[in-house]
Amino acid sequence: MTQAPAHLALTLPAAFHIIAPVMYMSLIGDIHAIKGKKGARAEFDFTEAFEPLFLGGEKIVFPEPARVHVLVVNTGKSMASHFHLEVKVTQRCSRCLREFTAPLVLEFAEEYREIDSVEEFAAAPQLTQEGVEFFPFVEDHIDFGEAVRQNLILSIPMKAVCNPSCRGLCPVCGANLNDGDCGCDHLLPDPRLAPLREWVQRCGRSRN
Ligand SMILES: [Zn+2]
Ligand SMILES: [Zn+2]
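Small disclaimer: the values here were computed from a predicted structure and weren't measured. (Residues numbered from 1 in each chain as written. Chains lettered and ligands numbered in written order. Predicted model: local features only at pLDDT ≥ 70, side-chain atom pairs only at ≥ 80, totals over all residues.)

Comments concerning the overall build of the protein chain
Rule in force here: Think of it this way: any DSSP run of H or I at least four residues long counts as a helix, any run of E at least two long counts as a strand, and we number them from the N terminus. Whether a residue is buried, exposed or partly exposed follows from its count of other C-beta atoms within 10 Å of its own C-beta, namely 20 or more, 12 or fewer, or something in between, respectively; the C-beta atoms are built from the backbone.
Scanning the protein chain from terminus to terminus reveals 5 helices and 10 strands. Every one of the 208 residues in the protein chain was classed for burial, and the buried ones make up 14%.

Focus on the nonpolar core
So the rule is basically this: What we call a nonpolar core is a set of buried Ala, Val, Leu, Ile, Met, Phe, Trp, Tyr and Cys residues whose membership is set by joining through C-beta atoms within 7 Å. By definition, residues are in contact whenever their C-beta atoms, placed on the basis of the backbone, come within 7 Å of each other.
The biggest cluster of nonpolar side chains holds 22 residues, and the ones touching the most others in it are Leu85 and Val148. Sorting the residues of this core by element identifies strand S5 (66–74), strand S6 (79–92), strand S9 (132–137) and helix H4 (145–155) as the ones contributing at least two each. It is S6 that provides the largest number of residues to this core, a total of 5 residues. Leucine 85 has contacts with Ala66, Val68, Leu106, Val148 and Leu152, leaving out every residue within four places of it along the chain.

Digging into the environment of phenylalanine 108
Secondary-structure assignment places phenylalanine 108 in strand S7 (residues 99–114). On the basis of neighbour count, phenylalanine 108 is assigned to the partly exposed category, with 16 C-beta atoms found within 10 Å. C-alpha of phenylalanine 108 to C-alpha of alanine 147: the two residues are 39 residues apart in sequence and 9.3 Å apart in space. Those residues in contact with phenylalanine 108 that sit more than four places away from it in its chain are Phe83 and Asn151.

Describing the pairing of S5
Short version of the rule: Two strands pair under a simple rule: DSSP has to find at least two bridges between them.
When strand S2 (residues 41–48) meets S5, the two strands line up antiparallel, connected through 8 bridges. If you follow phenylalanine 44 over to S5, its bridge partner there is valine 70. Strand direction decides the pairing type here: S5 and S6, joined by 8 bridges, are antiparallel. Across the sheet, the residue bridging to valine 68 is leucine 85, located in S6. Here S5 folds back onto S6 in antiparallel fashion, the turn holding 4 residues, of which glycine 76 has a positive phi close to 95°.

Regarding the environment of isoleucine 115
Along the chain, the position of isoleucine 115 falls in the loop between S7 and helix H3 (118–123). Residue classification places isoleucine 115 among the partly exposed positions, given that 18 C-beta atoms sit within 10 Å. Spatially, the C-alpha atoms of isoleucine 115 and proline 136 are 6.0 Å apart, while their sequence positions differ by 21 residues.

A closer look at the environment of valine 172
By secondary structure assignment, the location of valine 172 is in the loop between H4 and helix H5 (194–207). C-beta crowding within 10 Å serves as the criterion here: with 12 such atoms nearby, valine 172 is assigned to the exposed category. Note: C-alpha distance between valine 172 and cysteine 182 (10 residues apart in sequence) is 9.5 Å.

Focus: unusual backbone geometry
Phi angles above zero are rare outside glycine, and leucine 97 is one such case at about 65°. Here leucine 97 shows up in the loop between S6 and S7. A positive phi angle, close to 60°, is found at glutamate 139, a residue other than glycine. Relative to the assigned elements, glutamate 139 resides in the loop between S9 and strand S10 (141–143).

Such coordinate-based values are descriptive only and should not be taken to indicate function.
Put into structure tokens, the structure is as follows:
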């Protein structure tokens, strides 16, 4: 039985263990032209349909293909990569429970370093060297997919709201208050305030 070396297992970001089974994507860029040329840059554009994913029990859907632009600069030590991602996200509003779609634009940077073996790459999508976290690549190709996936998942709000002024659901009848007033008395007495109410009533009585 073979076991993954402990240092590889330990350098996986914590979130990876939770989200690994969902949403795998592959965005391959050929960086042959800038290898060995310090200061050289390459640009890549991808249009990619993202699979749905599940966050906190909620299904997140990407109704249109995402657009990903990557600028790669050979720093001599690594391939410094700047990402621009545009995608539409459909998820459930945490107040009114209605699905809504909103655009998400992300800018982030990651570092890629060449490693020798494909086995090492397969064991861990993200490695650490001299305290620097980086993504590995082998030979002439960088797969930008894992970095996009991780940054995307971290950027999706867990408690999304369809609109900052969303009025939510009526606590009495459950109607969506964005559709108009349901006619219920929304000022349900707060049980924590019962002693205060009684005191006010007592005062009122004693004054009469
Ligand atoms: Zn809402
Ligand atoms: Zn109501």
